[in-house]
Amino acid sequence: MQFIDLQAQYKLLKPLIDENIHKVLDSGKYIFGPEITELEEQLAKFAGVKHCLACSSGTDALLIPLMAWGIGPGNAVFTSPFTFMATGEVISLLGATPIFVDIDPETYNLDPEKLHNAIHKVLIDGKLRPRAIMPVDIFGLLANYDEIDDIAKHHNLFVLQDACQSFGGAIDGKRAGAFGHAAATSFFPAKPLGCYGDGGAIFTNDDELLEVMKSIRVHGMGSDRYDNIRIGINGRLDSIQAAVLLAKMTVFEKELEQRNEVADKYNARLSSRFKTPVIPEGYFSAWAQYCILADSPEHRAELQNKLKENDIPSMIYYPIPLHLQTAYTSLGYKVGDLPISEAIANRIFAIPMYPYLSDEDLNKICDVLLG
Ligand SMILES: *Cc1c(COP(=O)(O)O)cnc(C)c1O
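Residues numbered from 1 in each chain as written. Predicted model: local features only at pLDDT ≥ 70, side-chain atom pairs only at ≥ 80, totals over all residues. Heavy atoms only, no water.

Regarding unusual backbone geometry
Consideration 1: Tyr 318 follows Tyr 317 through a cis peptide bond whose omega is -5°.
Consideration 2: As for its placement among the helices and strands, Tyr 318 is situated in the loop between helix H9 (297–309) and helix H10 (339–347). (Helix = DSSP H or I, 4+ residues; strand = E, 2+ residues; numbered from the N terminus.)

The structure is reproduced here in structure tokens:
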């Protein structure tokens, strides 16, 4: 059994994916071919947002808006510690300071009340200037943007949605990408919408921000191609990756439904014995991962071993919250500072989740976990 069976999807879409890739090969337009514009239009429409910028990875999709806002040394950016390293990394790369805020024990996303307190603490300390909030939509479930946006408005902070796991997810029909001042998603192969390499996209309704981000995406270019007007990066998406994504967009909505069906079946079988994911009323998850909680770290190890003996892969997202990563030693956090994130990190594990997971495999996984 595989944790995510990407080949099952490729088999299904092979004629279209191969055709799209060959079109790029024949055209010779490997960079900024027409596939890029077409993809950006489709993605913007899908997310219900005015603009989409395809870019080189989810990490760069997070980095570019922060650069455009001039986030840097002396600035505080508030985010979740229960996430992939890239979320914190982009803040630190710009010389700003990540302030890790503990998560909600039910949704595993940024806790608005703790966010409110963390902003106040930074203001009282007076050393850093709060500039932005980066909520993370962990495992495909969107963060509580209703409350986060209110807090951001009150303190005049930018909101950058880390939608790297949640593209296709929504709150009351408003889709990931449409929250905050800008949003970033990732097309890493294992994400709900993945390409065959690295890729990402930024979403915004802000025309001015779009122009700055377009410039940053290509080394800070201006209207004269040999006079760069700001420091940028090489943040482009390849035409071939856009071609792959265009093929996958033809089945993406259906796959989101299939992911939700898989999750419903898991919930039905597992929720009497395990703490299964909580999806608040009105929320639609993109189900990047399906995670359950064991009773303790020892119990988790036992369950993972049992799964392994039955040829069932499982993973731990995330075993070490960002505030306790070695790279962040200098920030001075210690064990116990963000207790919910730490407790969840000690007990959580992910089981296979993808649109093409068969009932037979799903039942085998549940039998082993419940046996
Ligand atoms: C995957 C991921 C990223 C980074 O995306 P890449 O495309 O791998 O650079 C950032 N944040 C979160 C929450 C992610 O899951």
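A short note on the site of the ligand
Consideration 1: Taken together, 15 residues surround the ligand, and among them Gly 58, Thr 59, Gln 165, Ser 186 and Lys 191 come closest.
Consideration 2: One nitrogen or oxygen atom from the side chain of Gln 165 is found 2.8 Å from an oxygen atom belonging to the ligand.
Consideration 3: When the free accessible area of the ligand is taken as 380 Å², the share hidden by the protein chains comes to 93%.
Consideration 4: Counting only elements with at least two residues in the shell around the ligand, the list comes to helix H3 (58–68) and helix H4 (86–93).
Consideration 5: At 3 residues, the largest contribution of residues to the shell around the ligand is made by H3. (Near = heavy atom within 4 Å. Polar contact = N/O pair within 3.5 Å; in protein donor to acceptor, adjacent residues only side chain to side chain. Areas by Shrake-Rupley, 256 points an atom, 1.4 Å probe, with all protein chains shown as cover.)

Thoughts on the domain arrangement of the chain
Reports often express the size of an interface as the amount of accessible area lost when the parts come together.
Consideration 1: Each domain of the chain was delimited in the assignment, giving domain 1 (6–249) and domain 2 (252–370).
Consideration 2: Between domain 1 and domain 2, the C-alpha centre-to-centre distance is 23 Å.
Consideration 3: Of the roughly 3,500 Å² buried between domain 1 and domain 2, counting both surfaces, carbon and sulfur atoms make up 65%.
Consideration 4: At the boundary of domain 1 with domain 2, the tally comes to 2 salt bridges.
Consideration 5: The interface formed by domain 1 and domain 2 includes 18 residue pairs in polar contact (both at pLDDT 80 or more).
Consideration 6: By residue number, the principal contributor to the side of domain 1 that touches domain 2 is strand E3 (residues 97–100), which donates 4 residues.
Consideration 7: Grouping the amino acids of the side of domain 1 that touches domain 2 by side-chain chemistry returns 25 nonpolar, 13 polar and 9 charged. (Domains from an automatic or database assignment. Buried area = accessible area lost by both parts, 1.4 Å probe. Salt bridge = Lys/Arg side-chain N within 4 Å of Asp/Glu carboxyl O. Nonpolar A, V, L, I, M, F, W, Y, C, P; charged D, E, K, R; others polar.)

Notes on the environment of Ile 216
Consideration 1: Here Ile 216 shows up in helix H7 (residues 207–217).
Consideration 2: As a C-alpha pair, Ile 216 and Arg 230 span 14 residues in sequence and 7.3 Å in three-dimensional space.
Consideration 3: If near-sequence neighbours (up to four positions away) are discounted, Ile 216 is found in contact with Ile 64, Met 67, Ala 68, Arg 230, Ile 231, Gly 232 and Ile 233. (Contact = heavy atoms within 4.5 Å.)

Quick notes on a negative patch on the surface
Consideration 1: On the surface, a cluster of negative charge is made up of Glu 113, Asp 146, Glu 147, Asp 150, Asp 172 and Glu 281.
Consideration 2: The biggest single contributor to the negative patch is helix H6 (residues 145–155), with 3 residues.
Consideration 3: In this fold, Asp 146 is placed in helix H6.
Consideration 4: The exposed category is assigned to Asp 146, whose relative accessible area is 64%. (Patch = residues over 30% accessible without salt bridge, like charges linked within 9 Å, V, L, I, M, F, W, Y side chains within 5 Å. Lys, Arg positive; Asp, Glu negative; His and termini not counted. Charge placed at Lys NZ, Arg CZ, Asp CG, Glu CD. Buried < 20%, exposed > 50% of the residue type's maximum accessible area, 1.4 Å probe, protein only.)

Considerations on helix H2 (residues 34–47)
Think of an α-helix as 3.6 residues a turn; residues three or four steps apart then line up on the same face.
Consideration 1: Here H2 is 14 residues long and its end C-alpha atoms lie 20 Å apart, about the 20 Å a rise of 1.5 Å per residue gives.
Consideration 2: Those residues of H2 that sit buried are Glu 35, Ile 36, Leu 39, Glu 40, Leu 43, Ala 44, Phe 46 and Ala 47. Within H2, the buried residues cover an arc of 160° as seen down the axis, which keeps them to one side. Residues of H2 that are exposed and point more than 90 degrees away from the buried face comprise Pro 34, Glu 41 and Lys 45.
Consideration 3: Buried-residue contacts for H2 involve helix H1 (6–27), strand E1 (51–55), strand E7 (174–175), strand E9 (200–204), H7 and helix H8 (239–270).
Consideration 4: After H2 finishes, the residue Gly 48 shows a positive phi value of roughly 70°. (Expected span 1.5 Å × (residues − 1). Arc of directions from axis to C-beta.)

What to know about the packing of H3 against H7
Think of two packed helices as two axes; the pair is described by the angle between the axes and how far apart they sit.
Consideration 1: Across the interface, H3 lies against H7 with an axial gap of 9 Å and an inter-helix angle of 120°. The pairing of H3 with H7 is recorded here as oblique in orientation. As H3 runs across H7, the sense of the crossing is right-handed. Across the interface between the two elements, Ile 64, Pro 65, Met 67 and Ala 68 of H3 pack against Leu 209, Val 212, Met 213, Ile 216 and Arg 217 of H7. (Axes fitted to C-alpha atoms, helices over the stretch in contact; angles between N-to-C directions. Parallel < 35°, antiparallel > 145°, perpendicular 65-115°, else oblique. Left-handed = near helix turned anticlockwise from the far one by under 90°.)

Regarding the sheet that holds strand E6 (residues 170–171)
Consideration 1: Taken in spatial order, the 3 strands make up an open sheet running E7-E6-E10, and their pairing is antiparallel. The strands lining the two open edges of the sheet, one partner per strand, are E7 and strand E10 (283–284).
Consideration 2: Relative to E7, E6 runs antiparallel, the two sharing 2 bridges. Each residue of the ladder has a partner; that of Ile 171, found in E7, is Lys 174. (Pairing = 2+ DSSP bridges.)

A few points about the sheet that holds strand E4 (residues 129–134)
Consideration 1: Spatial strand order, E1-E9-E8-E5-E4-E2-E3: 7 strands in an open sheet with mixed pairing. At either end of the open sheet lies a strand with only one pairing partner, and these are E1 and E3. Looking at each pair of strands side by side, their axes are set apart by 25° on average, direction ignored.
Consideration 2: The pairing of E4 with strand E5 (residues 158–162) spans 2 bridges and is classified as parallel. By the bridge assignment for E5, Ala 132 is matched with Phe 158.
Consideration 3: This element, H3, spans E1, E4, E5, strand E8 (182–186) and E9 of the sheet and lies at about 165° to E8.
Consideration 4: Packing of H6 onto the sheet brings it into contact with E4 and E5, and relative to E5 it is tilted by some 150°.

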